[in-house]
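Architecture and fold: a report
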Amino acid sequence: MNFITDAQLRGWLAHLIAERTVIAPCRAGEDLLLYQPVQDPEAICYDFGRSTVSPREFFLPATEALLTVERVRQAAGGDGATAGKAPIVGQWEVTVTEPHLERDQVLFAVRPCDVHALTALDALLLKEPADAYYAERRTRTTLIGLACEQMGPSCFCTSLGLSPDDGAGMDVMLYRAEGGYILETLTDKGKSAVAVLAALADQAPADVAGSRLQRAWPQAAYRVPPRAVWTERFNDPYWAGLAERCLSCKICSYICPTCRCFDVRDYTVARAAGYEKIERLRCWDSCMAEGYRRIAGGHNPRAAKAQRLRNRFYCKFDYYPADFGPLACVGCGRCVDQCPVNVDITEVLQDVAAR
């Protein structure tokens, strides 16, 4: 471990900004904190609890063009001639392009819960056949974590077996200390990112490093019920009662760091004589949407709001861990804060266990 001052940290970030796309927490309003690309270390918010929205969008964007198709109609005597033959008049020349990152990324001051969310997404999106777009962003992103100094009122990561200062999944981990940060390099990718600090950083004082290791977090108030309990509660009228409050606004899905459902559609974005441009767009979707499960012919196996709401919790705590391993929840508490009718995921966990 090393100790770096606040000034050294800003110098390091300035160097990273010159080389890569640095994404960091920024104030976007009085009560809005978002991860955004930055051009100046002074634009970063260094003192914050938890971002309003997770940095998931920099790995699985809310809207992205998976590919672009351009079609140009050939004219007689055009470039389409092959083997001494003129092209067929009316033949289309088709070009397909896919997007790629222009520069490597650095995600700075990411909280442990949001990196655990990426680990949960990895279990699905990096499983063969891997999602190539997500995989490229994960490979080309260096994660510089920032340990939480305290848990927020709605945070419940410790109830899921996680910790607010856990460096698992990080490339570099920062721990706030008097006058600066304790820096821990965890991966080869992290070593590459901190190489410039060789002339800046001083060895961390032993008493500062020790104080971090002695931090105690609140004990878990409850645990996730085992799968057998979820199976037993599947047809419980509890879900219908809970759904009476739900507005199906979908905000819980959109601010969740582990939700990954999406819709794919093709759109014609430009058209002229002899020319057409089509984009295949992928956009976030939500299992809380009324038509999410509607299939050809109009049948909807989850037509009732109670069925959709129940599925949200079963997906996170039953289906996803059964299929892919990790829970699809990291206890960040964003859905608790943002739900307009107070459908509280922590209360649901306790209710399911108690019924």
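Our subject in this report is the structure included herewith. Chains are numbered independently. Their residues run from 1 in the order of the written sequence. Only residues with pLDDT of at least 70 get local features here, since the model is predicted, and only at 80 or more are side-chain atom pairs given and counted; chain-wide, interface and lining totals rely on the full set of residues. Only hydrogens and water are set aside; all other atoms, that is, all heavy atoms of the structure, feed into the side-chain values.

Examining the overall build of the chain
Of the regular secondary structure elements, the chain holds eleven helices and twelve strands. For the chain, the spread of C-alpha atoms along the three principal axes comes to 80 × 65 × 40 Å. We call two residues in contact when some of their heavy atoms are within 4.5 Å. Put simply, 70% of the contacts in the chain that link residues at least 6 apart link residues at least 24 apart. In the form shown here, the chain has an accessible surface area of approximately 17700 Å², with 51% of it arising from carbon and sulfur atoms. None of His or the chain ends enter the tally, which takes Lys and Arg as positive and Asp and Glu as negative. To locate a charge, take atom NZ for lysine, CZ for arginine, CG for aspartate or CD for glutamate. For the chain, the distance from the average site of its 40 positive side-chain charges to the average site of its 44 negative ones is 7 Å. Helix numbers and strand numbers start at the N terminus; a helix is a DSSP run of H or I with at least 4 residues, a strand a run of E with at least 2. The protein chains shown are the only cover counted for residues, whose accessible areas, like all others here, come from Shrake-Rupley with a 1.4 Å probe.

Let's talk about the sheet that holds strand S12 (residues 275-284)
The pairing of strands in a sheet comes from backbone hydrogen bonds and takes either a parallel or an antiparallel form. With antiparallel pairing, the four strands of this open sheet are ordered in space as S5-S4-S12-S11. Of all strands in the sheet, those with a lone pairing partner are strand S5 (92-97) and strand S11 (262-272), marking the two edges. Here the strands of the sheet are splayed against their neighbours by 20° on average, with no regard to which way each runs. In the sheet, strand S4 (residues 63-73) pairs with S5 via six bridges, with the strands oriented antiparallel. Bridge pairing in S5 links Arg73 to Trp92. Note on pairing: two strands pair once DSSP finds at least 2 bridges between them. Note on method: axes are straight lines fitted to C-alpha atoms, helices fitted across the in-contact stretch only, with angles between N-to-C directions ranging 0 to 180 degrees.

Concerning unusual backbone geometry
With omega at 0°, the peptide bond leading from Glu128 into Pro129 counts as cis. Its place among the elements puts Pro129 in the loop between helix H2 (112-125) and helix H3 (132-139). With phi around 60°, Ala109 is a residue other than glycine that occupies positive phi space. Topologically, Ala109 is positioned in strand S6 (residues 105-110).

With respect to the pairing of strand S2 (residues 21-29)
Taken together, the three bridges between S2 and S6 define a ladder with parallel strand orientation. Paired with Thr21 across the two strands is Gln105, which belongs to S6. Where S2 meets strand S3 (residues 32-38), seven bridges bridge the pair, whose relative direction is antiparallel. Along S3, the bridge assignment pairs Cys26 with Leu34. Hairpin connection, S2 to S3: the antiparallel pair is bridged by two residues.

Observations concerning helix H11 (residues 345-354)
For an α-helix the count is 3.6 residues per turn, leaving residues at separations of three or four pointing the same way. Buried residues of H11: Ile345, Thr346, Val348, Leu349 and Val352, and no others. Buried positions in H11, seen along its axis, are confined to an arc of 160° and lie on one side of it. In this structure, the buried residues of H11 make contact with helix H6 (227-232), helix H7 (238-243), helix H9 (305-324) and helix H10 (334-338). When accessible area is computed with a 1.4 Å probe and restricted to protein chains, residues below 20% of their type maximum are described as buried, those above 50% as exposed, and intermediate ones as partly exposed. Relevant arc is that of directions from the helix axis to the C-beta atoms, nothing else.

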